[in-house]
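Residues per chain, in single letters:
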Amino acid sequence: MFKLITSMPPFLALSIAIVFEVIATSFIPKAEQFTKLVPSTVVLVGYGVAFFLLSVTVKTMLSRYRVRDMEWRRYCTCSDD
């Protein structure tokens, strides 16, 4: 399951992260300064999932950029002189 989540396309992970963040943000007033258990749990879990999926997005995008940059440098004939 973890492997499936970390290998999903970055735009999909980012979209799901946005949905979880919006849900968590909408539950903040209902949590009443974290005195209500269920809304507080929704806020904490929602932000946790959102930040995790955001990290998956950034990691995937950075690794794709590095591969593309390495391929570009391989074909670049520029010299540093």
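For the structure, see preceding data.
The notes below deal with the structure included here.

Quick notes on the side chain of threonine 57
One can find threonine 57 in helix α4 (residues 37-75). If sequence neighbours within four positions are ignored, threonine 57 has contacts with Pro10, Ala13 and Leu14.

Some details on the nonpolar core
Core analysis: the biggest nonpolar cluster contains 5 residues, these being Met8, Ala13, Ala17, Leu53 and Val56. Elements that contribute at least two residues to this core include exactly α2 (10-26) and α4. The residues touching valine 56, leaving out its near neighbours within four places in the chain, are Ile5, Thr6 and Ala13.

Quick look at α2
Its 17 residues place the ends of α2 24 Å apart at the C-alpha level, agreeing with the 24 Å of an ideal helix rising 1.5 Å per residue. Taken together, the buried positions of α2 are occupied by Pro10, Ala13, Ala17 and Ala24. End-on, the buried residues of α2 take up no more than an arc of 60 degrees, which puts them together on one face.

Comments concerning a nonpolar patch on the surface
Taken together, the side chains of Leu14, Ile18, Val22, Phe51, Leu54, Val58 and Leu62 present a nonpolar region at the surface, about 610 Å² in accessible area. Every element with two or more residues in the nonpolar patch is listed here: α2 and α4. Looking at the nonpolar patch element by element, the count peaks at 4 residues for α4. Residue placement: phenylalanine 51 occurs in helix α4.

Considerations on the packing of aromatic side chains
One pass over the full model with this rule turns up 1 aromatic pair. We note lysine 30 situated over the ring of phenylalanine 27; from NZ or CZ to the ring centre the distance is 4.9 Å.

Criteria and thresholds
- Residues numbered from 1 in each chain as written.
- Predicted model: local features only at pLDDT ≥ 70, side-chain atom pairs only at ≥ 80, totals over all residues.
- Heavy atoms only, no water.
- Helix = DSSP H or I, 4+ residues; strand = E, 2+ residues; numbered from the N terminus.
- Contact = heavy atoms within 4.5 Å.
- Core = buried A, V, L, I, M, F, W, Y, C linked by side-chain atoms within 4.5 Å.
- Buried < 20%, exposed > 50% of the residue type's maximum accessible area, 1.4 Å probe, protein only.
- Expected span 1.5 Å × (residues − 1).
- Arc of directions from axis to C-beta.
- Patch = residues over 30% accessible without salt bridge, like charges linked within 9 Å, V, L, I, M, F, W, Y side chains within 5 Å.
- Areas by Shrake-Rupley, 256 points an atom, 1.4 Å probe, with all protein chains shown as cover.
- Salt bridge = Lys/Arg side-chain N within 4 Å of Asp/Glu carboxyl O.
- Phe/Tyr/Trp six-rings, centres within 6.5 Å; stacked < 30°, edge-to-face > 60°.
- Lys NZ or Arg CZ within 6 Å of the ring centre and 35° of its normal.

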